[in-house]
Amino acid sequence: MQDYRQMAIKYIYKNKRRAVLCVLGITMSVALLFVFLNSVETYLAGFRAQYAAFYPEKDLRESIYTIRLSAWFVAYLFTILGVGVVRNAIQLLLMEQIKDFGMLRCIGATKPQLKSYAYTIGFALEGVGLLLGIATGFGIYSVLASRMKWDAGFYGIALALILIAFLGDMVFAMEDCCKVIKHMTPVDAVRGKYKIREEKIKVHGKSIWGILFGVEGDYAAKSLKRNPRRYLISVFSIGMGIAAVCLLVAFETMLEEYVIDTKGNWGVYQFGVVSFAAADMTAEDQQNNYVFREEQVALIEEQSNVKKAKPVHAAKLNATDPRILSEHVDSDFSQSCPEATWFYHYLPNLEEEGTMMQVATTMLSQIDLFGYDEEDYGRLKKYLTEGTLQLSENGVILVGGTSVVVENDDTLNDRRTIMKMTDYQVGDTIEVLDYQHYAKKLQERLPEADSENYLVERIHAQYDCYQECIAEGFTKTYVIEGIIERDPNIAVEVDPNEQMDNFIRLILPLERFTADTGLSEDYPCGTVFSMKGKSIGNLLDIVYASEPVSVVGLRIRYLNVLDEIGIFRYVILAFTGGVVFIVVMNLLNMLNITFSNMYLRRQEFAQLRVLGMSENRLLYTVLLEGVITAIGAALIGLLFGYCALYLVRELINLIFYVEIGFPWGMFVLMAICGLVLLCICTSVAVKSVKVTMAESLAGNE
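None of the values given here were measured: they were computed from a predicted structure. (Residues numbered from 1 in each chain as written. Predicted model: local features only at pLDDT ≥ 70, side-chain atom pairs only at ≥ 80, totals over all residues. Heavy atoms only, no water.)

### Quick word on the nonpolar core
Soluble globular proteins: nonpolar side chains tend toward being buried together.
Move 1: Judged by nonpolar contacts, the single largest core of 46 residues is most densely connected at F271, F292, I300, F529, V543 and L559.
Move 2: Top contributing element to this core by residue count: helix 10 (residues 228-265), with 10 residues.
Move 3: Y11, C22, V40 and F47 belong to the second largest nonpolar core, which has 28 residues in total. (Core = buried A, V, L, I, M, F, W, Y, C linked by side-chain atoms within 4.5 Å. Buried < 20%, exposed > 50% of the residue type's maximum accessible area, 1.4 Å probe, protein only. Helix = DSSP H or I, 4+ residues; strand = E, 2+ residues; numbered from the N terminus.)

### Considering the pairing of strand 3 (residues 314-318)
Looking along a regular strand, one sees side chains alternate from face to face of the sheet.
Move 1: Judged by how many residues are buried, strand 3 sits mostly within the fold: five of five residues are covered.
Move 2: By the alternation rule, side chains of strand 3 split into A314, K316 and N318 and A315 and L317, which are all buried.
Move 3: When strand 3 meets strand 4 (residues 366-372), the two strands line up antiparallel, connected through five bridges. Opposite K316, over in strand 4, you have D368 as the bridge partner. (Pairing = 2+ DSSP bridges.)

### Focus: the packing of aromatic side chains
Move 1: The final tally for this structure, using the stated rule, is 12 aromatic pairs.
Move 2: When the ring of F333 is compared with that of F503, the centres are 5.3 Å apart and the planes differ by 80 degrees; the resulting orientation is edge-to-face. Residue F333 is located in helix 14 (residues 331-336), and its partner F503 is located in the loop between strand 10 (475-484) and strand 11 (505-509); the two are separated by 170 residues in the primary sequence. The same class applies to F333 as to F503, namely buried.
Move 3: Aromatic pair Y642 and F662: ring centres 5.6 Å apart, planes at 50 degrees, arrangement tilted. In this pair, Y642 sits in helix 24 (residues 615-655) while F662 sits in the loop between helix 24 and helix 25 (664-688), placing the two residues 20 residues apart along the sequence.
Move 4: We classify Y642 as partly exposed; its relative accessible area is 45%.
Move 5: With relative accessibility at 10%, the residue F662 sits in the buried group. (Phe/Tyr/Trp six-rings, centres within 6.5 Å; stacked < 30°, edge-to-face > 60°.)

### Let's talk about a nonpolar patch on the surface
Move 1: A contiguous nonpolar surface patch, about 410 Å² in accessible area, is contributed by V668, I672, V676, I680 and V684.
Move 2: For I672, the location among the structural elements is in helix 25. (Patch = residues over 30% accessible without salt bridge, like charges linked within 9 Å, V, L, I, M, F, W, Y side chains within 5 Å. Areas by Shrake-Rupley, 256 points an atom, 1.4 Å probe, with all protein chains shown as cover. Salt bridge = Lys/Arg side-chain N within 4 Å of Asp/Glu carboxyl O.)

### Considering a negative patch on the surface
Move 1: Side chains of E374, E511, E521 and D522 sit close together on the surface and give a patch of like negative charge.
Move 2: Note on placement: E374 falls in helix 17 (residues 374-378).
Move 3: Owing to a relative accessible area of 74%, E374 belongs among the exposed residues under this scheme. (Lys, Arg positive; Asp, Glu negative; His and termini not counted. Charge placed at Lys NZ, Arg CZ, Asp CG, Glu CD.)

### Some details on the sheet that holds strand 1 (residues 271-274)
Move 1: Spatially, the four strands line up as an open sheet ordered 2-12-1-13, and their pairing is antiparallel. Looking at which strands have only one partner, the edges of the open sheet turn out to be strand 2 (306-311) and strand 13 (554-555).
Move 2: Packed on one face of the sheet, helix 12 (residues 294-301) meets strand 1, strand 2 and strand 12 (526-531) and runs near 155 degrees to strand 2. (Contact = heavy atoms within 4.5 Å. Axes fitted to C-alpha atoms, helices over the stretch in contact; angles between N-to-C directions.)

### Focus on the state of the cysteines
Move 1: All chains considered together, the criterion is met by zero disulfides.
Move 2: No disulfide involves C465; its sulfur sits 6.6 Å from that of C469, the nearest cysteine. (Disulfide = S-S within 2.5 Å.)

### Concerning helix 20 (residues 510-517)
Move 1: Of all eight residues in helix 20, six are buried; the element is thus mostly enclosed.
Move 2: Turning to helix 20, the residues buried within the fold contact strand 3, strand 4, strand 6 (395-399), helix 18 (435-445), strand 10 and strand 11.
Move 3: Backbone geometry just downstream of helix 20 places G518 in the positive-phi region, at approximately 80 degrees.

### Here we look at the environment of P447
Move 1: The topology assignment puts P447 in the loop between helix 18 and helix 19 (454-472).
Move 2: With a relative accessible area of 17%, P447 lands in the buried category.
Move 3: Remark: the alpha-carbon pair of P447 and R458, spanning 11 residues in sequence, is separated by 6.3 Å.

Following this line, the structure appears as structure tokens:
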């Protein structure tokens, strides 16, 4: 038994090129799966740690289970491709030795000895590939973890899934090969009957291939049926490759659409600093601590993925009665957006006196007022739902809604939609403090920054000035003369984890804004930037290095989204590289098999030539075998690709809603590529058989 194991190792060394190709295929497949599964477990560990304090344990377990199940399903789809191609490579390596097995049987080799020989080859290649794949995968994962600032770890569940998939399938593959070896008689093995099966002539009607391609099509189909095993392996290998490429393209298209949709949610200006001017802040303080400096703006704007910069003119107004605002919050918005409940249902539950009431009054009475230049103001026309943009002296534009993530209790699929924030109508009025008088009065009352009770004294000063302005009549009444569906320039932020905006946003032309607030156009309250393309480059590093002393108003959520999507793109790119490598490996194996098959059929080709078939017609007939194989592979690829994409879409939609369409263009392209490659392999193989008809008919080698 030991001698046969040593013989198997020597055979591997003798066929180094094919063995190395097989090991590389295993290594690539294992490495990609290890990186993906280990990254998923790392993400879930961080997810549990981040949200353990916010969600009940039961809900957290369900969320983790859903994410893990979805990830495992995606990994399973690519495992099928990797395991399948690896299985085919090793099986074909063994099947090429059928003649050798027959000779060994003739000299006394037993079936258990041949089984040991086959298992040694299979597990030697598989073992080396697994070890290299795990080592390579952990190296790639470590680099990715460093890039993502993850706590890198080695998760046994990822290793266990890979071992079960590859070693489990290897046992079945070896048993399948051993059955063939044990049931093959020595004489049949030596004569190569396994590779080219002899059949009695049967009379059949014209097949579908005969209808399409004539008698040559019938002959090509008959030739393929003589070795259905090889035909099925070829069809499924190429078909799964087509399905895998289509899935990867579908994922990339999905990310592309998600980026476009996400970009729209943040408006024309996706990132920057929006620091509202406030009555308790001087212009100098704001410019020094809350706004990008000119050189910082220039540095960001010169980046290739930044389209343009725009100064922000915005201020915080105070309504004279914050309860009026709470009464106008839309009920559906309040139920779907917890932030609205926290902001506007908090005040009525407070006591009438005390510091907390003063804080709530000042905070909840705030309204965001934006001044837009002619370009940005003109952009509102497309989103106008009621009223007009031609404002009177006291007219304003109200932002009616914003993009909100609506939570779904049944799944993790929290869809983002545009929701109406208030029930204000055209013609309604909002009374606010006169910004200039309130600012002047408050800045005279503010305590010194080094005061012992600075915060409490500041709250009292704000509340006292607020009440005095109302009592003295320093107020202004705005009339809502137009309502837009949402702000297309700078989106209203409703994320409690970020700097939130107020849910009442008013817009004025820039000249009206400066007149009402007394703020100069030369001293903006921030700078926002419009992006182009899908890559953030090093924007995050530049923004963090350029941020003002205070990060109040810093808006980089869109950049974070692009950064996360970029990581997914790296994963998809890695899978694409792996799939391409595996498919190329499979094609090389098929090319080798095709050459062997054409050589074994040289006697058949000589007989056809003797019967009068021309060389071109013979080539055409053999090429039709590749055409039929390509058609079968395309159908398998379509079936597996479409079904897999449907299941993936359903699982992804449990987490977040996104449309994923089947990439028909890429499917057609891949089917054509498969057809061309098969035809090239067959053509080269046929032309390489340079044997005369006499020699072929005589069976000389």
